[in-house]
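Residue-level structure breakdown
Each chain is listed here by its residues.
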Amino acid sequence: MTRTGGSTRTGSVVDRVIGALVARVENGEFSAGERLPPEADLAAELDVSRLSLREAVRTLAGAGVLEVRRGDGTFVSDLRPDRLVRAGGTFLDLVGEHGVAELFECRRVLEPGVTALAATRIDETALRDLEDRLEHMRALSDPERLVAQDLDFHAAIAVAGGNPTLASLTAAVAGRTARVRIWRAIVEYDVLSWTHDQHVAIVRALRARDSLAAWTAATTHVVEVEEWVRAHMTTAGGRA
């Protein structure tokens, strides 16, 4: 590959194709759910190789903009914001050690807010589901299972908030913090009882339909975990 200005020509071509395809989606030429023209026709229309087109399509499929259906063609996705957030969230696993602290800050902003929103919208079925989850988690002692159930618990609250995009964003951020939370559960002897008490406070606020109490309980829950992790990341030299 020939390099120009520090980047490959192939790379710049792929970027151009991505830009052209996104522009067509934005202006409505390719609408949600529509099938793209055959690969050979589209490559000729854009004056690029089929290899460059495939690379651009692969990138946009990873971002949730396009959907490749084997044997059927390439389609524009439904373009729902929660789908796009969910697709982008898969790349959060690539965040390095120092980026985890920033994700905890994001969690501190998102999770209390979505919990407060859920307090105004949650129904009886969802409340009973959360209470059942509490009882199930009370009996857990394995850190990995506890954190997995904790993620599901908070995801269920976010879903009850009635905003799929916010729920997807919250779940994506929270999921990336799971590893350090497992580490905390392993080294802290009282984390199980502490987690249960915090969850009880959250559910109590949700059942009361008290958005301020829900926000406060969720903030306490998230901030104490974040502060513990920050302190131990420092003393462990970034181990998390």
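Residues numbered from 1 in each chain as written. Predicted model: local features only at pLDDT ≥ 70, side-chain atom pairs only at ≥ 80, totals over all residues. Heavy atoms only, no water.

**A few points about unusual backbone geometry**
For Asp47, which is not glycine, the phi dihedral falls at a positive 60°. Unlike most non-glycine residues, Arg209 shows phi in positive territory, near 55°. Within the secondary structure, Arg209 is located in the loop between helix 10 (191–207) and helix 11 (211–235). Using a relative accessible area of 39% as the deciding quantity, one classes Arg209 as partly exposed. (Helix = DSSP H or I, 4+ residues; strand = E, 2+ residues; numbered from the N terminus. Buried < 20%, exposed > 50% of the residue type's maximum accessible area, 1.4 Å probe, protein only.)

**Some thoughts on the pattern of salt bridges**
A side chain with one charge can pair with a side chain of the opposite charge if their charged atoms come near. All told, the structure shown has twelve salt bridges when counted by the stated rule. A salt bridge links Glu39 to Arg50, with the shortest nitrogen-to-oxygen separation between them at 2.7 Å. Of this pair, Glu39 sits in helix 2 (residues 39–46) while Arg50 sits in helix 3 (residues 50–62), placing them eleven residues apart in sequence. We classify Glu39 as partly exposed; its relative accessible area is 25%. In this structure Arg50 comes out as partly exposed when scored by relative accessible area, which is 42%. Here Glu124 makes a salt bridge to Arg128, at a shortest N to O gap of 3.7 Å. Pair noted here: Glu124 and Arg128 are both in helix 6 (residues 124–138), with a separation of four residues, about one helical turn. Owing to a relative accessible area of 34%, Glu124 belongs among the partly exposed residues under this scheme. Judged by relative accessible area, which is 43%, Arg128 ranks as partly exposed. Put simply, Glu124, Arg128, Glu131 and Arg207 are held in one network by salt bridges that share partners. (Salt bridge = Lys/Arg side-chain N within 4 Å of Asp/Glu carboxyl O.)

**A look at the side chain of Arg24**
Its place among the elements puts Arg24 in helix 1 (residues 9–26). With a relative accessible area of 15%, Arg24 lands in the buried category. Within the structure, Arg24 has its side chain in polar contact with the side chain of Glu45 (distance 2.6 Å). Here Arg24 is in contact with Glu29, Phe30, Leu42, Glu45 and Leu46, once residues within four sequence places are set aside. (Polar contact = N/O pair within 3.5 Å; in protein donor to acceptor, adjacent residues only side chain to side chain. Contact = heavy atoms within 4.5 Å.)

**As for the nonpolar core**
Of all hydrophobic cores here, the largest spans 19 residues; its most connected members are Ile122, Leu130, Phe153, Ile157, Ile202 and Leu206. Among the elements of the structure, helix 5 (97–121), helix 6, helix 7 (143–160), helix 10 and helix 11 are those that each provide at least two residues to this core. Residue contacts for Leu130: discarding those within four places in its chain leaves Ile122, Phe153, Ala156, Ile157, Val203 and Leu206. One finds Val25, Leu36, Leu53 and Leu60 within the second-largest nonpolar core, a separate group that totals 18 residues. (Core = buried A, V, L, I, M, F, W, Y, C linked by side-chain atoms within 4.5 Å.)

**Description of the confidence of the model for the chain**
Looking at the chain, the pLDDT average stands at 81 and 79% of residues meet or exceed 70. Ranking the elements of the chain by mean pLDDT puts strand 1 (residues 3–4) last, at 38, and helix 6 first, at 94. Within the model, pLDDT remains below 50 along residues 235–240, and this stretch shows ten contacts once partners closer than five positions in the same chain are excluded. (pLDDT = per-residue confidence, 0-100.)

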